[in-house]
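The residues making up each chain are set out below.
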Amino acid sequence: MWLPLHTLCLRSRTGCRGSVVAALLQCPRHRHANVSPFSHSAGRSAQACKALLYRTHGDPSRVVQLEDVDIPPVGAKDVLVKVLAAPVNPSDMNMIQGTYAILPDLPAVGGNEGVAQVIEVGSQVKSLKAGDWVIPKDAGLGTWRTEAVLAEDDVISLPNDIPLLSAATLGVNPCTAFRMLSDFEDLKPGSDSVIQNAANSGVGQAVIQIAAARGINTINVIRDRPEFTQLSDRLMAMGASHVIKEETLRRPEIKELFKTCPKPKLALNGVGGKSATELLRHLQVGGSMVTYGGMSKQPVTVPVSALIFKDVKVRGFWVTQWKRDHSHDGRVFRTMLDELCSLIQQGKLTAPACTEVGLQEYRKALDTAMQPFTSTKQVLIM
């Protein structure tokens, strides 16, 4: 049985960020707070749930354990939820490894994304009812568990008629894709294009589909691999305008592509290193490159000529920070989710290829998620 936690706070490099269930924790609640909500009173006989806990940072397949965790009582402004499905994302792995920008105090429950169903609501809860589907508003809730008590303000509802896997994977990658396509350049249907590396990633697939729904051309770069043709066909079926190998960016044939497709106004970089530099070289004058990931673990090198002669803009994006910056006005997040759910309901936005894994088989999911060239997202089914 899990030992009582008197204080459990999600910390950034500047310290404590508060609690989801503030009444149960001693850490003061801040406006942009969000953490794994686990604490219980000494001597209390509590209902328990199953959770994937880690007590130290390290290799996820070694430090994560399936344990019983006490569920605190439902407060007046809290909801009891049953977690339905939760994906395994790179940021989850980084958090467990201790390398992410925000880290929970230990022990902590893994997982930052997922969908849950409301089972019980507190006496003062107004926006939710039993049966509603909800997802976290921010990182750090600890979604790899069967049940949880969460503050009403820390979750947001979704329609429960969309596919389960679409709901479980909606809060991070599609939101990242949506914001990057919306916030950095004014992209006009039919006349503008976007180039991206890591096009087969969760973000990349969402970019392809959202851009296609808006009439925006996409040039999608992926690493060469034995199943390149099958992967290319799959991305084209999603709505990709072009799918090319990394090597093509450095070859003369790229000039042929730009005879029929406008040079990109926006580049989306999830890799870094040489791949990012090549994206920059093909941006049109005044275009923007937005970096949201660094899978190569190599720095982004910007050619001096791109800055001087093309006046390119080099930006970064982190969806967690965007959510916190806009937490004072829930309407912006609500509007984005409504648009994304509408695309899902219309069949224009589907979940990435997923492998469903039972919670008891979590080690298999973690091991697979750490492998290179992983073509499917691991999703824990509770």
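Residues numbered from 1 in each chain as written. Predicted model: local features only at pLDDT ≥ 70, side-chain atom pairs only at ≥ 80, totals over all residues. Heavy atoms only, no water.

Looking at an unreviewed UniProt entry, one finds the protein named Enoyl-[acyl-carrier-protein] reductase, mitochondrial and attributed to Amphiprion ocellaris. UniProt, in the comment section headed Sequence similarities (unreviewed entry), describes the protein in these words: "Belongs to the zinc-containing alcohol dehydrogenase family. Quinone oxidoreductase subfamily." (UniProt positions renumbered as here; feature names shortened; annotations may be inferred.)

*Asks:* Please provide a residue-by-residue account of the sheet that holds strand E4 (residues 64-70), values included.
*Replies:* Here we have three strands laid out as an open sheet, ordered E4-E3-E7, and antiparallel in their pairing. Each of the sheet's edge strands pairs with one partner strand only, and the pair in question is E4 and strand E7 (108-109). Along the sheet, helix H12 (residues 362-369) contacts strand E3 (48-54) and E4; its crossing angle with E4, the most-contacted strand, is approximately 135 degrees. (Pairing = 2+ DSSP bridges. Helix = DSSP H or I, 4+ residues; strand = E, 2+ residues; numbered from the N terminus. Contact = heavy atoms within 4.5 Å. Axes fitted to C-alpha atoms, helices over the stretch in contact; angles between N-to-C directions.)

*Asks:* Let's hear about the nonpolar core: which residues, and what values?
*Replies:* By size, the foremost hydrophobic cluster in this structure holds 41 residues, and its most contacted members are Val115, Leu158, Leu181, Ile210, Leu266, Leu337 and Leu340. The dominant element in this core, judged by the number of residues it contributes, is helix H11 (residues 330-345), at seven residues. Beyond its immediate chain neighbours, meaning those up to four positions away, Val115 contacts Val83, Leu84, Ala85, Trp133, Val134, Ile135, Leu164, Ala167 and Ala168. The next biggest cluster of nonpolar side chains, apart from the first, holds 21 residues, and it includes Leu52, Val63, Met93 and Leu103. (Core = buried A, V, L, I, M, F, W, Y, C linked by side-chain atoms within 4.5 Å. Buried < 20%, exposed > 50% of the residue type's maximum accessible area, 1.4 Å probe, protein only.)

*Asks:* How would you sum up the side chain of Glu147? Please name residues and give values.
*Replies:* Topologically, Glu147 is positioned in strand E10 (residues 147-151). Notably, Glu147 is buried but unbridged: the nearest opposite-charge side chain belongs to Lys82, and the N-O separation is 6.9 Å. Apart from residues lying up to four places away in sequence, Glu147 is in contact with Gln47, Ala48, Cys49, Ile71, Val81, Lys82 and Val83. (Lys, Arg positive; Asp, Glu negative; His and termini not counted. Salt bridge = Lys/Arg side-chain N within 4 Å of Asp/Glu carboxyl O.)

*Asks:* Go over a nonpolar patch on the surface with me, naming the residues and quoting the values.
*Replies:* Residues Val304, Leu307, Ile308, Phe309 and Val314 make up a contiguous nonpolar surface patch of roughly 520 Å² in combined accessible area. Residue contributions to the nonpolar patch peak at four residues, all from helix H9 (residues 304-310). Along the chain, the position of Phe309 falls in helix H9. Looking at Phe309, the relative accessible area reads 66%, which means it is exposed. (Patch = residues over 30% accessible without salt bridge, like charges linked within 9 Å, V, L, I, M, F, W, Y side chains within 5 Å. Areas by Shrake-Rupley, 256 points an atom, 1.4 Å probe, with all protein chains shown as cover.)

*Asks:* Quick rundown of the packing of aromatic side chains? Include the residues and the values.
*Replies:* Applying the stated criterion across every chain, the model contains three aromatic pairs. Here the guanidinium or amino end of Lys263 rests over the ring plane of Phe258, the centre of that ring lying 5.4 Å away. (Phe/Tyr/Trp six-rings, centres within 6.5 Å; stacked < 30°, edge-to-face > 60°. Lys NZ or Arg CZ within 6 Å of the ring centre and 35° of its normal.)

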